Each structure stands twice: as C-alpha cells, then as structure tokens.
Amino acid sequence: MGREGISFRNTYILASRTLFNFLFDNEIRPRESGFKLSQGIPEKKVADGTFIKGVSFPIHSARMKVGNEEKSIKTLETDVAANFTLELAKGDIEIQSWFNDDKEEPILGAYYMYVTKM
C-alpha cells in the first residue's frame, strides 16, 4: 500500500489505563526504513522478485484527532514522522491521523502509528 500511495484514513481505538501523556509518531512507512514522509521509494530487487518504485507524497502538514480534540502541525521535507504529544484520560479513545497537502486537503492517513507513554 505504501508504495502505490493508496489514500485511506484509519480509525484506531486506544485503551488508556490511566491519565497520562502519550507521544504519537505518525508515519507512512515503517520506522526502520528511514524514509522521509514525502520521499519516494526506489525500486528494489529481492530474492523472489522486485518491489515496485514507491510514490512520493506532497505532504505539508499532519493532523490528528483524539476524541473531540484535533491538532495540526506543519511538516518539513526532512521529517520521517509527524510527532504529537497528548494527554489522554482513562478509557477507550478514538484516534484518527492523516497527512495534508499544501492546500490543507487530506492526502492519506498514517500507515503506521507508534504510541509511547511518557
């Protein structure tokens, strides 16, 4: 999906056991890849074939909605993730995250979301 640039937005449910701050890293590709948010992926030959070249994304900002609260941040060409720090109350919370173009129109959702309790 990340190579073709399929546009989608997921909704995640996070079960918070206590009132605490959490760091959310929203990414398009696995953290281990090292690719930047807007960067295309080169074609790659592997043992059983070839991974196709991946598209680049004109990402200008990222948005995240947690419950009824929504935050937006600008992204840089050097960013590998969009980072949000939020305080979450105890209980189940609905989370959405997506990336926008320079007109603030949604392009696609975060394919990967890493959540760390701070």
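Since this is a predicted model, take the numbers as computed values, not measurements.

Among the nonpolar cores identified, the biggest contains 22 residues, and Phe24, Ile28, Met64, Leu88, Ile95 and Phe99 are the most heavily contacted of them. Where this core is concerned, the elements lending two or more residues are strand S2 (20-27), strand S5 (61-66), strand S7 (82-88), strand S8 (91-100) and strand S9 (106-109). At four residues, the largest contribution of residues to this core is made by S7.

Counted under the stated rule, the structure contains zero aromatic pairs. Directly above the aromatic system of Tyr114 lies the positively charged group of Arg31, at a separation of 3.8 Å from the ring centroid.

To continue, consider the side chain of Asp79. Structurally, Asp79 is set in the loop between strand S6 (69-74) and S7. Here the side chain of Asp79 touches Leu76 through a polar contact of 2.8 Å, landing on its backbone nitrogen. Not counting the four nearest positions on each side in its chain, Asp79 is found in contact with Lys36 and Leu37.

Time to look at the pairing of S5. Note: S5 against S6, six bridges, orientation antiparallel. Bridging from a neighbouring strand, Ser61 pairs with Lys74 of S6. Taking the residues that link successive antiparallel strands as the turn, the S5-S6 hairpin has two residues, and the phi of Gly67 there is positive, at about 60°. Strand direction decides the pairing type here: S5 and S8, joined by six bridges, are antiparallel. Across the sheet, residue Ala62 finds its bridge partner in S8, namely Phe99.

With respect to the helices, strands and loops of the structure, Asp25 is situated in strand S2. Within the structure, the side chain of Asp25 is placed 2.9 Å from the side chain of Arg31, a separation counted as a polar contact.

With that settled, the discussion passes to the environment of Phe51. Structurally, the position occupied by Phe51 is in strand S4 (residues 49-51). When the C-alpha positions of Phe51 and Asn100 are compared, they lie 26 Å apart, and in sequence the two are 49 residues distant.

As a further point, take the pattern of salt bridges. A full pass over the atoms with the stated rule returns four salt bridges. Notably, a salt bridge pairs Asp25 with Arg31, separated by 2.9 Å at the nearest N-O pair. Take Arg31: its relative accessible area is 41%, and that puts it in the partly exposed class. A salt bridge links Arg31 to Glu27; its shortest N-O distance comes to 3.6 Å. Connected through salt bridges with shared partners, the residues Asp25, Glu27 and Arg31 form a single ionic network.

Among the structural elements, Tyr114 can be located in strand S10 (residues 112-117). Once residues within four sequence positions are removed from consideration, Tyr114 is found in contact with Leu23, Phe24, Asp25, Glu27, Pro30, Arg31 and Glu32. Polar side-chain contacts of Tyr114 include one of 3.0 Å to the backbone nitrogen of Arg31.

The rules behind each value
Residues numbered from 1 in each chain as written. Predicted model: local features only at pLDDT ≥ 70, side-chain atom pairs only at ≥ 80, totals over all residues. Heavy atoms only, no water. Core = buried A, V, L, I, M, F, W, Y, C linked by side-chain atoms within 4.5 Å. Buried < 20%, exposed > 50% of the residue type's maximum accessible area, 1.4 Å probe, protein only. Helix = DSSP H or I, 4+ residues; strand = E, 2+ residues; numbered from the N terminus. Phe/Tyr/Trp six-rings, centres within 6.5 Å; stacked < 30°, edge-to-face > 60°. Lys NZ or Arg CZ within 6 Å of the ring centre and 35° of its normal. Polar contact = N/O pair within 3.5 Å; in protein donor to acceptor, adjacent residues only side chain to side chain. Contact = heavy atoms within 4.5 Å. Pairing = 2+ DSSP bridges. Salt bridge = Lys/Arg side-chain N within 4 Å of Asp/Glu carboxyl O.

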